[in-house]
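# Results of the structural survey
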There are 2 protein chains.
Amino acid sequence: MAKLAYRSYSRYSREAVALLGLMIRNARIERDMTVADVAERAGTSRGLVHRIEKGEMGSSIGAAFEVAAIVGLRLFEAEPATLTRHLSMERDKLALLPQSVRTGTTKVKDDF
Amino acid sequence: MAKLAYRSYSRYSREAVALLGLMIRNARIERDMTVADVAERAGTSRGLVHRIEKGEMGSSIGAAFEVAAIVGLRLFEAEPATLTRHLSMERDKLALLPQSVRTGTTKVKDDF
DNA sequence: CAACCATGACCTAATTATAGGTCATTAGAG
DNA sequence: CTCTAATGACCTATAATTAGGTCATGGTTG
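Residues numbered from 1 in each chain as written. Chains lettered and ligands numbered in written order. Predicted model: local features only at pLDDT ≥ 70, side-chain atom pairs only at ≥ 80, totals over all residues. Heavy atoms only, no water.

On to the overall build of chain A. Helix and strand counts for chain A stand at six helices and zero strands. Going residue by residue from the N terminus, the α and β elements of chain A occur as α-α-α-α-α-α. For chain A, with 112 residues in total, the buried portion stands at 46%. Taking the intrachain contacts of chain A between residues at least 6 apart in sequence as the baseline, contacts between residues at least 24 apart amount to 58%. (Helix = DSSP H or I, 4+ residues; strand = E, 2+ residues; numbered from the N terminus. Buried < 20%, exposed > 50% of the residue type's maximum accessible area, 1.4 Å probe, protein only. Contact = heavy atoms within 4.5 Å.)

Now for the environment of T34 of chain A. Summarising the element assignment, T34 of chain A is placed in the loop between α1 (11–30) and α2 (35–42). Relative accessible area serves as the criterion here: at 12%, T34 of chain A is assigned to the buried category. Each C-alpha atom, one on T34 of chain A and one on R46 of chain A, is 9.5 Å from the other, the two residues being twelve residues apart in sequence. If we ignore the near neighbours within four places in the chain, the residues touching T34 of chain A are R28 of chain A together with V101 and T103 of chain B.

The end-to-end C-alpha distance of helix α5 (residues 80–96) of chain A, which contains 17 residues, comes to 25 Å, matching closely the 24 Å that a straight helix rising 1.5 Å per residue would cover. All buried positions along α5 of chain A are accounted for by T82, L83, L87, E90 and L94 of chain A. Viewed along the axis of α5 of chain A, the buried residues span an arc of 155°, placing them on a single side of the element. With respect to the buried face of α5 of chain A, the exposed residues turned more than 90 degrees away are A81, R85, A95 and L96 of chain A. Close packing links the buried residues of α5 of chain A with α1 (11–30) of chain B. (Expected span 1.5 Å × (residues − 1). Arc of directions from axis to C-beta.)

Our next topic: the relation of the copies chain B and chain A. With an RMSD of 0.1 Å, chain B superimposes on chain A once it is rotated by 180° and translated 0.0 Å along the axis. The symmetry that links the two subunits is that of a two-fold axis. Both copies share a contact surface, since 100% of the interface residues of chain B are interface residues in chain A too. (Least-squares fit on C-alpha atoms with pLDDT ≥ 70 in both.)

Listed per partner, the contact involves 57 residues of chain B and 57 residues of chain A. For the pair chain B and chain A, the two sides together bury roughly 5,200 Å², of which 68% comes from carbon and sulfur. Taken as a group, Y12, I61 and F76 of chain B account for 14% of the area that chain B buries against chain A, more than any other trio of residues on that side. For the interface between chain B and chain A, the tally reads two salt bridges. Linking K93 of chain B and E30 of chain A is a salt bridge whose minimum nitrogen-to-oxygen distance equals 4.0 Å. Linking chain B with chain A are 14 residue pairs in polar contact (both at pLDDT 80 or more), by the criterion used here. (Buried area = accessible area lost by both parts, 1.4 Å probe. Salt bridge = Lys/Arg side-chain N within 4 Å of Asp/Glu carboxyl O. Polar contact = N/O pair within 3.5 Å; in protein donor to acceptor, adjacent residues only side chain to side chain.)

So, in structure tokens, the structure goes:
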């Protein structure tokens, strides 16, 4: 049975996930960790770590980010402390934005 | 039946995923897009987009990155073109690294 | 060169995410 | 204030990922 292509992704998304996987692999090897090491520390299986490094789109984002953290990758910030700051910054930003979006407005804009 | 906590994640991973969700939501609202709009363009469901924005760890990384791209978020680079460059850079870097990691070495280093 | 071991691929069972529907709530526009 | 619609939550069937095992391959060390 041939494996089906379940969903279509944009090139950008595919490359971003692939890049994350490669960065994870590079970081892991630089730290002299085996796939099994990382899997154990992440509480996942060896196969999953392998698929994450390969850049498969179906892996859960939680597992991928956890593995990234374990090999020392900091996705948004160099310092974990600043991540919390960014979180509240985004929350504050959200508070200033409308809490729901009216399509009516958009529709008029796209209507020509 | 109470919902079980399936897996444990580090604080950093949880905050990183939550931050990504908030950034997506902010970007979406700034672009006057509804959750339904984004879901349709991503080829997913409204509920999934909602869970991604909420920062749930179980969402697939492909869906999350696709949604991020649709609302205009660029995770690694401002320019999509440079993403491809980074991809080959990481591949080159990988070529210089050992292709398998010996645990024996690590064990000695950690052994004191 | 020879032995060891990390890796990558595959398989099956079990668990989980997802789609798509409905419904209550609430924010925004008139 | 009132009406409309976006949002968030929940539900069920389906489809997917995941864990955990095994196996072949190839890199690394002695």
